[in-house]
Amino acid sequence: QDQLVESGGGLVQTGGSLRLSCAASGHNFNVYASGWFRQAPGKEQEFVASISWSGEYTSYADSVKGRFNISRDNAIHTVYLQMNNVTPEDTAVYYCAIRRGYFNGASQRERYDLWGQGTQVTVSS
């Protein structure tokens, strides 16, 4: 049973930092690209960041560029989203997703194969 589990969400003050983790488990993983998406109340889900298996290719939404950093540790099948200088606009449920096989990442939700259940991030003012 393949699955992704996000962790690290919680309450943080404006200007603070938070690191989200996405751990993949199962028996059908070889190489995969990963992405982070988020959905705030009353809003559509939006792309946050993506990273290729090698880490060579990364992409960020304009709203988080320079503040967030996506990285990965393939030895433990974990992808991270380091969130810095957060604002209340970053409040959302954050979802991790992967696309198995050689793929550099994408901002389109339909390009991904497997999704986690999400972790709540709340930024207080």
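The structure we're discussing is the one just above.
Residues numbered from 1 in each chain as written. Predicted model: local features only at pLDDT ≥ 70, side-chain atom pairs only at ≥ 80, totals over all residues. Heavy atoms only, no water.

J.: Residue-level account of the overall build of the protein chain, with values.
T.: Regarding its fold elements, the protein chain presents 0 helices and 11 strands. When the helices and strands of the protein chain are placed in sequence order, the string is β-β-β-β-β-β-β-β-β-β-β. For 125 residues, the compact-globule estimate of 2.2 N^0.38 gives 14 Å, and the C-alpha radius of gyration of the protein chain, at 13 Å, lies within 12% of that figure. Reported as C-alpha extents along the three principal axes, the dimensions of the protein chain are approximately 40 × 25 × 25 Å. By the burial criterion, 45% of the 125 residues in the protein chain qualify as buried. Residue pairs at least 24 apart in sequence account for 59% of intrachain contacts in the protein chain once pairs closer than 6 positions are excluded. Working note: accessible area of the protein chain is about 6,500 Å², and carbon and sulfur atoms make up 43% of it. Here the protein chain carries 10 positive and 11 negative side-chain charges, and the mean point of each set is 1 Å from the other. (Helix = DSSP H or I, 4+ residues; strand = E, 2+ residues; numbered from the N terminus. Rg over C-alpha atoms; globule rule 2.2 N^0.38 Å. Buried < 20%, exposed > 50% of the residue type's maximum accessible area, 1.4 Å probe, protein only. Contact = heavy atoms within 4.5 Å. Areas by Shrake-Rupley, 256 points an atom, 1.4 Å probe, with all protein chains shown as cover. Lys, Arg positive; Asp, Glu negative; His and termini not counted. Charge placed at Lys NZ, Arg CZ, Asp CG, Glu CD.)

J.: Give a detailed account of unusual backbone geometry, specifying residues and quantitative values.
T.: Of note in this structure, His-77 is not a glycine but carries a positive phi near 50°. Structurally, His-77 is set in the loop between β7 (68–73) and β8 (78–83). Within the chain, Asn-85 stands out as a residue other than glycine whose phi angle is a positive 50°. By the secondary structure assignment, Asn-85 is in the loop between β8 and β9 (92–100). For Asn-85, a relative accessible area of 46% corresponds to the partly exposed category.

J.: Outline the nonpolar core, supporting the account with residue identities and numerical values.
T.: Judged by nonpolar contacts, the single largest core of 38 residues is most densely connected at Trp-36, Leu-81 and Tyr-94. Among the elements that take part in this core, β9 stands out by supplying 6 residues, more than any other. If near-sequence neighbours (up to four positions away) are discounted, Leu-81 is found in contact with Leu-18, Arg-19, Leu-20, Trp-36, Val-48, Ala-49, Phe-68, Asn-69, Ile-70 and Tyr-94. (Core = buried A, V, L, I, M, F, W, Y, C linked by side-chain atoms within 4.5 Å.)

J.: Explain the sheet that holds strand β3 (residues 18–25) to me, using residue names and the numbers behind them.
T.: Read from one edge of the open sheet, 4 strands run β1-β3-β8-β7, paired in antiparallel fashion. The open sheet terminates on both sides in strands that have one partner only, identified here as β1 (3–7) and β7. Averaged over all pairs of adjacent strands, the angle between their axes in this sheet comes to 15°, without regard to strand direction. Across 5 bridges, the pairing between β1 and β3 is antiparallel. In the sheet register, Leu-4 faces β3, and the bridge partner there is Ala-24. (Pairing = 2+ DSSP bridges. Axes fitted to C-alpha atoms, helices over the stretch in contact; angles between N-to-C directions.)

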